[in-house]
Every structure is written in C-alpha cells, then in structure tokens.
Amino acid sequence: MTIRTRFAPSPTGYLHIGGVRTALFCWLFARKNNGQFILRIDDTDQQRNIESALEPILDGLRWLGIDWDEGPGVGGTHEPYYQSQRTEKYQAAVEQLLQNGFAYRDFSKPDEIQAERDASMKSGGTFTYSRRWMAENDADVRRYEAEGRTSVVRLKMPREGKLVIDDLVRGRVEFDWATEQDHVIQRADGTFIYHLANVVDDQDFEISHVIRAEEHLSNTPRQIFMIQSLGYCLPAYAHLPFVAEPGSKTKLSKRKLDKYLKNADFKKLVDNGTKIASKLGLKNDIDTFNPVVVDFYKAVGYLPEAIVNAMAMIGWSLDDKTELFLKPDELINVFSLEKVTKGAASFDPAKLFSFQERHFQNRTAEEKRDLCKPFLEKAGIKIDDNKLLKLITFAADRIKVSGDILDFDEFFVSADKLQYDAEAVIKRITQPAEAIPLLTELAAVFEKTEPNNWQSQTLHETTQTFIDERQIKINQVIHALRVAVTGKTIGIGMFDALELLGKQESLARMARAMNGV
RNA sequence: GGCCCCGUCGUCUAGCGGUUAGGACACGGCCCUUUCAAGGCCGUUACGCGGGUUCGAGUCCCGCCGGGGUCACCA
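This text gives an overview of the structure that appears in the document. Given the structure is predicted, the values throughout are model-derived calculations rather than measurements.

## Things to note about the sheet that holds strand β8 (residues 184–186)
- Spatial ordering of the open sheet is given by β4-β3-β5-β8, a layout of four strands whose pairing is antiparallel. Two strands in the sheet have a free side with no partner beyond their single neighbour: β4 (134–135) and β8.
- Relative to β4, strand β3 (residues 103–106) is paired through two bridges, and the arrangement is antiparallel. By the bridge assignment for β4, R105 is matched with A135.

Now the structure itself:
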C-alpha cells in the first residue's frame, strides 16, 4: 500500500507554527516511507478571495522545503484540491447517507435545539438530541416546510456501543457512541461542514494516514461513523500533541502575542526581530511579524532548516543524544511516528534560537555572505562581495540570523556619516584624560603604515609596540580606539575592524573622534 | 459540567521492572579575552500525590490531584 498523507490548511492568510509542525510530520512520514504528501485547501467556509489568503501559507511551506506531490500549483490526478470546488462529491455523499438512513433532515430551529442543549447541560449529562424535528419521510418534510421551517442534514449517530480507535500515537482510545451527537454535515444554505468534506476527500485522495493535531481526536468518532456508513476504507490515525505556549500547556495562539511578550525568551526573539525589521522598513503587523507565524522567521533571516529542525523536536525525538539535523534528509531517514510523544509540548523560543545559531555556525563564510546580502540590499546598503565576505569572516559567530548583518552598518558609511553612541564617547574618549592624547599619538604611528600593510595582524603588532614603548596596557587605548573608529563599544576584533575600513577611513574616523566627534 | 487526552529538571526530552534517573536549551560560576559574541571546564534543578502488584517501580494496576482538548449550521 502506498503511504499517502495530507495537510489541509484553511486559507487564513498566515502559516501558524503549529500548522508547520503538523505539516512537517505528515511530510516526513510520507517521505520516509516513499509515499506521497498531498496539500488540500479547506475552504468550505470561506469567502471568494482565497488566493491572497492562501499564498502566504504556500510560500511558507515552500520556504521550509516542505514540498507536496499533489495540490495547488502542482496539480495531480485527484484534482481539484480546493474543497470549494468539490461540492458535487459532498452532495453525493450526503445523498448516500440520507438514503441509507445514516443521516436525516432536521427541521429544528436554532433556538429549539439550543434549548435542549442547555437543558442537558444544566442537568449535568450528555446532550442527546430528541430528534423531535427529524423528518422521517416526505410527508414530514412537506409538513415542516409548510410551517416555514428550513432544514439541515444531521448524522444519525449510533446511541449504543463503543468505538475503539487504535491511534498510532495515543494507542487505544475508546468512545461511547451514546456521548456523540447528531452533528450537522450540511447547512441550511446547502454548504457542507468540514467533517463531511474531510472524510469524502480523504477517501477520494486515497489518504492512508491521517496525521493531525490532537484537538481533532474528539472529532474522530463522527468521522469514522461517516467513513463506515459510506463504505470507505478506514485510514490509520495519528494524533499529534499540539504545540503549546511557552511555559504553559495551552495551545499556542497568534492572538496572544502580548501575553507571550512577558516571557523573556519570547521577548528576546521579538526584540531582535523588531530591530532588524525597523532597519529594513518592514511593518510590525501581528499577522506576519509574530514568532507564532512563519513569515517572521523568513523576514528576519532564520534558516528554514533550523526552523524545521526545531519544529521536529517538538513532540518528537530520535534518542537521548541526537537533536541536530542539519539537513531535512537527515530527519527523513530517521523519522517515525512511534517516537512521537503524547504530552503537549511548549514552543521554546530560546531553543529555537539555539538551533538557528548552530545551523548558522555550520555554514561557510560564502554561504553566509549570500544569505546576508539580500538583507543589506533591502536596507539600501551597497557593499562589494569581497568586503562583505571579509566582514562576515571577522564577525564570525556574532551573526546569528542573516538580518544581524545590519548590526554592522557602521562599516558601510563614510566617516562623516558615522553615528556615534553618545554615552560610549563620554565614557571612552571624553572622560579619560589619557584617551585623546594617546589616540593622537597612535594615529601618528598608524599614519606611517604603508597602505598595503594595513592588515589586522600588522596593526596589532604596531599597536603592541606602541603600548610596550609607553609601558601601558592595551586596555588604556583600545577602548577609545574602538569607539573612535566604530562609534560603539561592542563589535568585531579591533584590528579586524581597522583592516576592513582601510587606512584612510580609519584615520578619518580617529580624527573625527579626537575633534569631539 | 459531559466526553476524551496528558503528567520525568524552568523548557524539549531519553527511559519501555534493577540506571549514581542520561542528553539538549536556559540558568549560575570559572577559564580564555581589546569589547561583544563564540569556545572550554564545572555546577544547581525532575519522576504530581496516595494506595497496591513485585525481592525490586519513573517504568505495571487502581484512585486522587493537576493541566489541556473538545462539546457550532468554524476548520
């Protein structure tokens, strides 16, 4: 049997991190087993303009490298892949259920059935619909319609016996049919409810394994009832633990950004992102610029492989030591549903960042350059490839996400445009009495250096000689020098910075600092 | 409230009757050091509770407690 899994997003306009995890596991399982991964669009309840709401989701999946064998953009033998275009199939299924007595037309009014629901809720029991407005024959239909009632189609669920599900993640799960309700499958306006569409499509697409988040577990009985009533094949089920909030077991939600910001790690992630975004002139939109949404990571310059790696470790692990998977293929090779954990797993921003860090460290300087370059371009900064490569080499592990390259913007401006950190200038140049005289002397020494000797190591040696002669410590001059040349107290190695800037630029900056910035 | 699921360091997890309960992230300390990162070394911290079963329980059973999901003419 061919393994076929599917991911079925609704066109909501953004790709949620929890959705990514579900899609990833579906994809990994299919790839691992030489199967197929299908993308289906659940737009049964959507307005017409789904294209713009779908594109960010497809983009996100593509960016992460989660490719689909059938679905939007690639087609396939089971077209169409949009539920809104598959209504004849749903209608046929509803007719079949109706004809075989597994569903009925219900003419109750919303407040009537709600009253029954409230009553059973009040008495503390399970709600069981009285089926009082169920049409048992054509005469009933005509009578109810004469009363001006409209109907929905409801499932005629069993009211005794048990359902046992052998879930690939959760094991044996039992439900009493009596606690299940007569769920609506077709609305009064003729449109279809997700559960019906889902069952019909999974059958039509020959889905072998339904891998989805845990919140669907309690929907499973009604779906199995439909599958059995329609004579379909039962797929295997695997209900994944959902991705929870940082430090909580509650489901992660895009709308709770304010709350998550109280988490220090989460805030750090956002702050770093916001810093980069402001330099790029991106807008701070909760729908995209939010660590719960994949676009955020793309915008800030995370590596898709790092996100995939981090997502894979939420609710899954290979063993007690392996957790770094630099390439998705490495993950595919070892993935299995048996290793999925049962408990809800919190999204840990710090851990995700750590994966990013380790993945990025693993890239060559040339790869990092190509990754960082678009960020400079977006910020309107022009720099030649060789200089950028040099900067990236000097910056080493200080760059954690591609957008961090913008932290080094002091190397992209001329001396007269350099922004000085006022506090740093006071602390390192203005205040220490020795700073400016030493800087002046050092500048005179540097002046004598041949331009083609203007290299990190040479400059280091020159400076070493300079301090040895004066019997001072390097600390006494280097802090002032750093602020003079870069405008800030932190940054890459001092002599690397000088080399990168070149003789003329370095001396111009020193001169500017000595003259009070 | 009904039904269902879950419960090992702060977090992600390993563990599938006998372990000094392991790893990672985070955190703390030390080292390195021209700043900031990175790196190296060391360290603090966990089996929710109570009963069983067993020579022996984090591992099996029961109860409790706690957390979560779901109960729509949303998906």
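## Overview of the pattern of salt bridges
- Across all of its chains, the model carries 43 salt bridges by this definition.
- Two residues, E55 and R62, come together in a salt bridge whose shortest N-O distance is 3.5 Å.
- Taken together, the salt bridges that share partners define one network made up of R6, R40, D42, R86, K89, D201, D202 and D204.

## Let's talk about the packing of aromatic side chains
- A full pass over the atoms with the stated rule returns 15 aromatic pairs.
- A centroid spacing of 5.0 Å and a plane angle of 85° characterise the contact between Y297 and Y302, whose relative ring orientation is edge-to-face.
- Residues Y302 and F353 carry aromatic rings whose centres are separated by 6.4 Å and whose planes lie at 75° to one another, so their mutual orientation is edge-to-face. Taken together, the residues span a long stretch of sequence, with Y302 in the loop between α10 (294–300) and α11 (304–312) and F353 in helix α13 (residues 349–361) at a distance of 51 residues.
- With a relative accessible area of 4%, Y302 lands in the buried category.

## Some remarks on the environment of N333
- As for its position among the elements, N333 is in helix α12 (residues 328–334).
- Given the relative accessible area of 54%, N333 is considered exposed.
- Here the alpha-carbon distance between N333 and P304, two residues 29 residues apart in the chain, equals 18 Å.

## Re the environment of Q419
- Counting through the fold element by element, Q419 comes out in the loop between α15 (385–395) and α16 (422–430).
- The residues touching Q419, leaving out its near neighbours within four places in the chain, are T486 and G487.

## Some thoughts on the side chain of E70
- Position of E70 relative to the elements: it lies in the loop between α2 (51–64) and α3 (87–99).
- One polar contact links E70 to R4, side chain to side chain, over a distance of 2.9 Å.
- When neighbours within four sequence positions are excluded, E70 is seen to be in contact with R4, F37, I38, L39, G75, G76, T77, H78 and Y81.

## Brief notes about unusual backbone geometry
- The linkage connecting E79 with the following residue, P80, adopts the cis geometry, with an omega of -5°.
- With respect to the helices and strands, P80 occurs in the loop between α2 and α3.
- Despite not being glycine, R131 has its phi angle at roughly 60°, a positive value.
- Looking at where R131 falls in the secondary structure, it is placed in the loop between α4 (110–122) and β4.
- Judged by its relative accessible area of 15%, R131 falls in the buried class.
- Positioned with a positive phi, Q471 is a non-glycine residue whose angle comes to about 55°.
- Residue placement: Q471 occurs in the loop between α18 (456–470) and α19 (475–486).

## Looking at the protein's contact with RNA strand B
- Among the 68 residues in the neighbourhood of RNA strand B, the closest are listed as S10, R187, E323, D397 and R398.
- Considering RNA strand B, the proportion of its atoms within 4 Å of the protein that are sugar or phosphate atoms stands at 75%.
- Take S10: an N or O atom from its side chain is 2.5 Å from a sugar or linking oxygen of RNA strand B.
- For RNA strand B, a phosphate oxygen lies 2.7 Å from a polar atom in the backbone of G315.
- Of all elements in the fold, only α4, β5 (152–155), β7 (171–176), α6 (194–204), β12 (345–346), α13, α19 and α20 (494–501) reach the threshold of two or more residues within the surface near RNA strand B.
- With six residues, α13 is the largest single contributor of residues to the surface near RNA strand B.
- Its residues assigned to classes, the surface near RNA strand B comprises 22 nonpolar, 23 polar and 23 charged.

## Here we look at α19
- When the terminal C-alpha atoms of α19 are compared, their 16 Å separation across twelve residues agrees well with the 16 Å that a helix rising 1.5 Å per residue should span.
- For α19, the buried fraction is high: nine of the twelve residues fall into the buried class.
- Every buried residue of α19 is listed here: V477, I478, A480, L481, R482, V483, A484, V485 and T486.
- At its buried positions, α19 is contacted by α16, α17 (435–447), α18, α20 and α21 (503–514).
- Positive phi appears at G487, one or two residues downstream of α19, with a value of about 85°.

## Topic: the pairing of strand β9 (residues 209–213)
- Of all five residues making up β9, five are buried, and the element is well covered by its neighbours.
- Strand direction decides the pairing type here: β9 and strand β10 (residues 236–240), joined by five bridges, are parallel. Paired with V210 across the strands is Y237, a residue of β10.
- Taken together, β9, helix α7 (residues 220–229) and β10 constitute a β-α-β crossover, and its handedness is right-handed.

## So, the nonpolar core
- Counting residues in hydrophobic clusters, the biggest one holds 120 residues, and the most contacted among them are Y297, Y302, I405 and M510.
- With ten residues, helix α1 (residues 17–32) is the single largest residue contributor to this core.
- If near-sequence neighbours (up to four positions away) are discounted, Y302 is found in contact with W63, L269, F296, Y297, I307, L352, F353, Q356 and V401.

Calculation rules
- The residue count restarts for each chain, going from 1 along the sequence in the order it is written.
- Think of it this way: whatever chain is written first is A, whatever ligand is written first is 1, and the rest follow in order.
- The predicted origin of the model limits local features to residues at a pLDDT of at least 70 and limits the giving and counting of side-chain atom pairs to 80 or more, whereas totals for whole chains, interfaces and linings rest on all residues.
- Excluded from the side-chain calculations are hydrogens and water; all other atoms, namely the structure's heavy atoms, are used.
- Should DSSP find at least two bridges between two strands, the strands are regarded as paired.
- The way it works is that DSSP assigns letters per residue, a run of H or I at least four long becomes a helix, a run of E at least two long becomes a strand, and they are numbered from the N terminus.
- In the sections that follow, a salt bridge refers to a side-chain nitrogen of Lys or Arg positioned within 4 Å of a carboxyl oxygen of Asp or Glu.
- Note on aromatic contacts: the rings of Phe and Tyr and the six-membered ring of Trp form a pair at centre separations within 6.5 Å, being stacked when their planes are under 30 degrees apart, edge-to-face when over 60 apart, and tilted otherwise.
- Classification of residues uses two cut-offs on accessible area relative to the type maximum, computed with a 1.4 Å probe and protein chains only: under 20% is buried, over 50% is exposed, and between them is partly exposed.
- We call two residues in contact whenever any of their non-hydrogen atoms come within 4.5 Å of each other.
- Here a polar contact is recorded for every N or O atom pair within 3.5 Å, except that within protein the pair must consist of a potential hydrogen donor and a potential acceptor, and residues adjacent in sequence are included only if both atoms are side-chain atoms.
- What makes a residue near a molecule or strand is one non-hydrogen atom of that residue sitting within 4 Å of it.
- Polarity classes work like this: nonpolar for Ala, Val, Leu, Ile, Met, Phe, Trp, Tyr, Cys and Pro, charged for Asp, Glu, Lys and Arg, and polar for all others, with Gly in that last group.
- The span you would expect from a helix comes to 1.5 Å times its residue count less one.
- Handedness of a crossover: with both strands directed away from the viewer, a clockwise path from the first strand across the helix to the second marks it as right-handed.
- Nonpolar cores are built from buried Ala, Val, Leu, Ile, Met, Phe, Trp, Tyr and Cys residues. Side-chain atoms within 4.5 Å join them into one set.

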